[in-house]
Amino acid sequence: MASVLRQTMAASARGMVGWGYIYGATGWICTAARVEQQAAQYPAYADLIRKYGLAMWLNKRCVDCAQNTRLAAKAAGLTIPSGATSQWNADCWARKGTIDTLPDDSIGLFLYRRSGTKMQHTGVCLGDGTVSEARGHAYGVIQSQLSAYGWTHWGELDESKAGKADTDDGNTDTKPTEGGKPMSNLAGNICTPGNLK
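Basis of the calculations
Residues numbered from 1 in each chain as written. Predicted model: local features only at pLDDT ≥ 70, side-chain atom pairs only at ≥ 80, totals over all residues. Heavy atoms only, no water. Salt bridge = Lys/Arg side-chain N within 4 Å of Asp/Glu carboxyl O. Helix = DSSP H or I, 4+ residues; strand = E, 2+ residues; numbered from the N terminus. Buried < 20%, exposed > 50% of the residue type's maximum accessible area, 1.4 Å probe, protein only. Expected span 1.5 Å × (residues − 1). Phe/Tyr/Trp six-rings, centres within 6.5 Å; stacked < 30°, edge-to-face > 60°. Lys NZ or Arg CZ within 6 Å of the ring centre and 35° of its normal.

K.L.:
I'd like a rundown of the pattern of salt bridges, residues and numbers included.
P.N.:
A side chain of one charge can pair with a side chain of the opposite charge when the charged atoms of the two come close. Overall, the coordinates contain 7 salt bridges when judged by the stated rule. The partner of Arg14 in a salt bridge is Asp128, and the shortest N-O contact between them spans 3.8 Å. Remark: Asp128 occurs in the loop between strand E6 (118-125) and strand E7 (130-136) and Arg14 occurs in helix H1 (residues 4-15); sequence separation between them is 114 residues. Residue class for Asp128 comes out partly exposed when judged on its relative accessible area of 45%.

Here it is, written out as structure tokens:
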């Protein structure tokens, strides 16, 4: 049976389903000013950020794929780096492997897709054959079938590092909420994204 921390990560990730996607977003509420800020910071994605940010994600919380997993880890008191490749290469794993070795009890495990030497995407197993993933600008955070995407690797975070998450968020508008109330995890803590990215 999955640990409370893994269940917490899955619950947090499930709670983000329906959020928007903007490259580099860390859980903040999308405004026109934020769209322009992100477009300026990430010029390679500027057209997508403006197109979807203004048309679909205004006034919604937004993340990118690595922030989706990062916030899920943070809800369980764990800190992981930003960026899918940086996460995969970090010293934060109890165990990890290729997708063909994914344990049956997969709730709260993180999934990755490798392309060449880089991990290009990440998501969180919800334990029922589905994944919470920030799929892209046109999709936002969705719940998808694990088998419907080309995941190549999985990892289980090292729970011995729990409680070491950065709690100084320094940004008053990044506390995830659901229905206007702070989004709590199964351990009873408030999910606060912190200084993400």
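Further notes follow.
K.L.:
Help me get a handle on H1, residues and values and all.
P.N.:
In this model H1 runs 16 Å from its N-terminal to its C-terminal C-alpha over 12 residues, within 8% of the 16 Å that 1.5 Å per residue would give. Here H1 has its buried residues at Leu5, Arg6, Thr8, Met9, Ala10, Ser12, Ala13 and Gly15.

K.L.:
Which residues make up the environment of Ala46, and what values go with them?
P.N.:
Structurally, Ala46 can be placed in helix H3 (residues 46-56). Overall, Ala46 belongs to the buried group, its relative accessible area being 8%. For the pair Ala46 and Val35, spaced 11 residues apart in sequence, the C-alpha separation works out to 8.7 Å.

K.L.:
How would you summarise the packing of aromatic side chains if you had to cite specific residues and measurements?
P.N.:
Each aromatic ring pair is summarised here by two numbers: the centre-to-centre distance and the angle between the ring planes. The tally for this structure, following the rule as stated, stands at 7 aromatic pairs. With centroids separated by 5.4 Å and ring planes inclined at 55 degrees, the aromatic side chains of Trp88 and Tyr112 adopt a geometry described as tilted. Here Trp88, found in helix H5 (residues 84-89), pairs with Tyr112, found in strand E5 (residues 110-115); they are 24 residues apart in sequence, far enough to count as distant. Under the relative-accessibility criterion, Trp88 is labelled buried at 8%. Between Trp93 and Tyr112 the ring centres are 5.9 Å apart and the planes differ by 90 degrees, which places this aromatic pair in the edge-to-face class. With a gap of 19 residues between them, Trp93 in strand E4 (residues 93-98) and Tyr112 in strand E5 connect regions that are remote in the sequence. Across this residue pair, the class does not change: Trp93 and Tyr112 are buried. Aromatic rings pair up to connect Trp88, Trp93, Phe110 and Tyr112 into one cluster. We note Lys96 situated over the ring of Trp88; from NZ or CZ to the ring centre the distance is 4.1 Å.

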